[in-house]
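Examining the three-dimensional arrangement
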Amino acid sequence: MFIMNKNNESENLVIASDELYSDLKSGMPLLVFDLRLKEHYTHGHIEGSVHAVCDSRAKETIMPKIPKGVKIVLIDEDGSISAPTAAMMASYGLDAHFLKGGIKSWDKSLVKKDIHTIITPEELWHKITNNENLVLVDVRQPEEFSDFKIPGSINIPLGELFDIQSLNKIPKSKQVVTICPHGNRSMVAAFALARNGINALSLVGGLAGWGQVLNPKVVTRDDVTVIQVEKIGKGCLSYIVGSKGEAMVIDPVYPAEKYVEFARNEGLQIVKVIDTHQHADHVSAAREIAKITNAQLYMSKYEQYDFTSNRVGDGDLINLGDSTIRVIHTPGHTAGSLSYVLDEKYVFTGDILFVDGIGRPDLRDNAKEFAEDLYDTLHHKLFALHEETLVLPAHHGEQSGYKNSVYQTTLRDAKKMLMLGLSHDKFIDKVMNTTLPRPMNYEKIIQINKSLQQVPTLDVANLEIGPNRCAIST
Ligand SMILES: [Fe+2]
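Residues numbered from 1 in each chain as written. Predicted model: local features only at pLDDT ≥ 70, side-chain atom pairs only at ≥ 80, totals over all residues. Heavy atoms only, no water.

Quick word on the sheet that holds strand 2 (residues 30–34)
Our working rule: Strands qualify as paired when DSSP identifies two bridges or more between them. Helix and strand assignments come from DSSP, with helices taken as H or I runs of at least 4 residues and strands as E runs of at least 2, each series counted from the N terminus. By definition, residues are in contact when any of their heavy atoms lie within 4.5 Å. In this analysis, axes come from line fits to C-alpha atoms, helices being fitted only over the stretch in contact, and the angle between any two N-to-C directions falls in the range 0 to 180 degrees.
The sheet built from 5 strands is open, its strands ordered 1-5-4-2-3 with parallel pairing. The open sheet has two edge strands, strand 1 (14–15) and strand 3 (49–51), and neither has a second partner. As judged from the 2 bridges shared by strand 1 and strand 5 (residues 95–99), these two strands associate in the parallel manner. Counterpart to V14 in the pairing with strand 5 is F98. Together, strand 4 (71–75) and strand 5 form the strand contacts of helix 5 (residues 82–91), whose direction differs from that of strand 5 by roughly 175°.

Next comes the structure, spelled out in structure tokens:
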């Protein structure tokens, strides 16, 4: 417990109930934290205050995000806890105060509400797909926001949420969700909005957590089962292929356990797991799935991996229940990229061919060589398959909204892309002249994907934060 050295120190921090009342009415930058037990807060609290737990976690995560110049008032039962806590916060340079005599000294009215201040990424995804009336307020700085964002979100930096004018940008009839990288700034934002009577929900785990939500969609449950699993925050697409109770997972992402759950829901057991290529934009969960399910792990024999796996290459056949997966070497995105043809009806193209674009060859050096390979792969290997073959890629492009349906096309339709109508020389020219920013942390991610290095799931979320950048859109 913090002990006051001098009485006048605590006197500087004290605020009487009348002063707090007029501060709350004034519209000044203010945060009022109620430190009492949650049930006491729910039973009756000062309007505009938020329930807060002042523990060591809050000290590390929330406190540093509170903008300077914002007045903070702490409330407890009688002032005995709020006084030393305010002194501690003041010692960190915050303009912290406490309500003299605690809630007992408050002679104005109290409000009774059970206010929720958080929303999990899964709950947010559920609300988005249900078309609920939401306004997503991204509270990062404009330069962070312009780099990538949740489609449809608006940007009001945290500091501006204390300015009453900025609040007019928020539609009053909608549920507000505040968003930031890890859920700390957005929590302060939700507090700032609560002080102005807006009940906002802070996205737990922020954009890093959002990046880890997986959404399974059924491609087919015909002779064979194909489930497309979308990592919605990243646009990564992976697959569960099932036949006769056996499943193979293609290009899995974290969290690995989700594939076991999705396969089980289809009555399938994962027996094989494979990547199309060495990924640069996300951490592969192939090894992790093989470990937790005892499944056979397959990798391209044209790429370097420092762990043991079955190596496959051009012309190899992999059996799964009643189905056969034929391996074709399709270089151009990486030199060792493979595509998998399932029963001559479906082709898993990795990052070579997308629904509305083609792979980018410049994640490694030697762009010209890769562009030549890409042309050859597309025109002479993939287009040699039957036109009706369904193309199932490993990514979709950045887009303006969410599409809760399968990303797929046929080879016949894919051929209509402008890029694919170009002559060889024009194609090479165009591909080589298209430079796109590289995925965040791509060198580290490649290193993890080729090595035995283990990464905790939380680190995966942090490494992968940001958009996918594997495609050249046409
Ligand atoms: Fe890739």
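Notes on the coordination of the iron ion
Convention followed: Donor selection uses N, O and S atoms within 2.8 Å of the metal (3.2 Å for Na, K and Ca). Since no water is included, sites may look incomplete. Per-residue accessibility, obtained with a 1.4 Å probe over protein chains only, is compared with the maximum for each type, and a residue is labelled buried under 20%, exposed over 50%, and partly exposed between these values.
Donor atoms from the polypeptide that bind the iron ion are H277 (NE2), H333 (NE2) and D351 (OD), placed at 1.9 to 2.4 Å. In primary sequence terms, the donor set of the iron ion follows H-x55-H-x17-D. Pair noted here: H333 is in the loop between strand 19 (323–329) and strand 20 (338–342) and D351 is in the loop between strand 21 (346–350) and strand 22 (357–359), with a separation of 18 residues, a long-range link. With a relative accessible area of 1%, H333 lands in the buried category. Classification of D351 as buried rests on a relative accessible area of 1%.

As for the domain arrangement of the protein
For an interface, size is often stated in terms of accessible area lost upon the parts coming together. To keep things clear, this is the line we draw: As annotated, the domain borders come from an automatic or database domain assignment. Throughout, the accessible surface (probe 1.4 Å) given up by two parts as they are put together, summed over both, is called the buried area. The salt bridge criterion pairs a side-chain nitrogen of Lys or Arg with a carboxyl oxygen of Asp or Glu, the two atoms within 4 Å. A 3.5 Å cut-off defines polar contacts: any pair of N or O atoms within that distance qualifies, except that in protein one atom must be a possible hydrogen donor and the other a possible acceptor, and neighbouring residues in sequence count only when both atoms are side-chain atoms. Under the grouping applied here, Gly and all other residues not named as nonpolar or charged are polar, the nonpolar ones being Ala, Val, Leu, Ile, Met, Phe, Trp, Tyr, Cys and Pro and the charged ones Asp, Glu, Lys and Arg.
Taken domain by domain, the protein consists of domain 1 (7–105), domain 2 (118–209) and domain 3 (211–473). Measuring from the centre of the C-alpha atoms in domain 2 to the corresponding centre in domain 3 gives 32 Å. On the side of domain 3, 17 residues touch domain 2, which itself brings 15 residues to the contact. Considering only the side of domain 2, the residues that lose the most area to domain 3 are W125, F148 and P151, jointly responsible for 46% of the buried surface there. The interface formed by domain 2 and domain 3 contains 0 salt bridges. Where domain 2 meets domain 3, there are 5 residue pairs in polar contact (both at pLDDT 80 or more). Those elements that place two or more of their residues in the side of domain 2 that touches domain 3 are helix 6 (121–129) and helix 9 (206–210). Of the residues that constitute the side of domain 2 that touches domain 3, the class distribution is 9 nonpolar, 4 polar and 2 charged.

Remarks on the pairing of strand 2
Counting buried residues in strand 2 gives 5 out of 5 residues, a clear majority hidden from the surface. Summarising the sheet, strand 2 and strand 4 pair through 5 bridges and their orientation is parallel. Directly across from F33, in strand 4, lies its bridge partner L74. Both strand 2 and strand 3 contribute to a ladder of 3 bridges, which runs parallel. Pairing of F33 across the sheet is with V50, part of strand 3.

With respect to the UniProt feature "domain: Rhodanese" (unreviewed entry) in the protein
As a reminder, the rule being used: UniProt positions are given in the numbering used here, feature names are shortened, and annotations may be inferred rather than shown by experiment.
According to UniProt, the "domain: Rhodanese" (unreviewed entry) feature falls on residues 26–112 and 130–219. End-to-end, the C-alpha atoms of residues 26–112 are 22 Å apart, and along that stretch the chain is 26% helix and 21% strand. Annotated as residues 130–219, this span is 24% helix and 24% strand, and its ends, taken at the C-alpha atoms, are 21 Å apart.

A look at the packing of helix 12 (residues 367–381) against helix 14 (residues 424–432)
Test applied: We call two directions roughly parallel when the angle between them is under 35 degrees, roughly antiparallel when it is over 145, roughly perpendicular when it lies between 65 and 115, and oblique otherwise. Handedness of a crossing follows from how the near helix is turned relative to the far one, being left-handed for an anticlockwise turn of less than a right angle and right-handed for a clockwise one.
Between helix 12 and helix 14, the least distance of the axes is 9 Å, while the angle of their chain directions is 130°. Classified by the angle their axes make, helix 12 and helix 14 are oblique. Our pair here, helix 12 against helix 14, has a crossing hand that is right-handed. For the pair formed by helix 12 and helix 14, the contact residues are K368, A371, E372, L374, Y375 and L378 on the first element and H424, F427, I428, V431 and M432 on the second. For the contact of helix 12 with helix 14, the class distribution of residues is 8 nonpolar, 1 polar and 2 charged.

Considering the pattern of salt bridges
Within this structure, the stated rule accounts for 22 salt bridges. K71 is paired through a salt bridge with E19; the nearest N and O atoms lie 3.5 Å apart. Here the residue K71 occupies a position in strand 4, and E19 occupies one in helix 2 (residues 17–26), the gap between them amounting to 52 residues. Through salt bridges with shared partners, a single ionic network connects E387, E388, R412 and K415.

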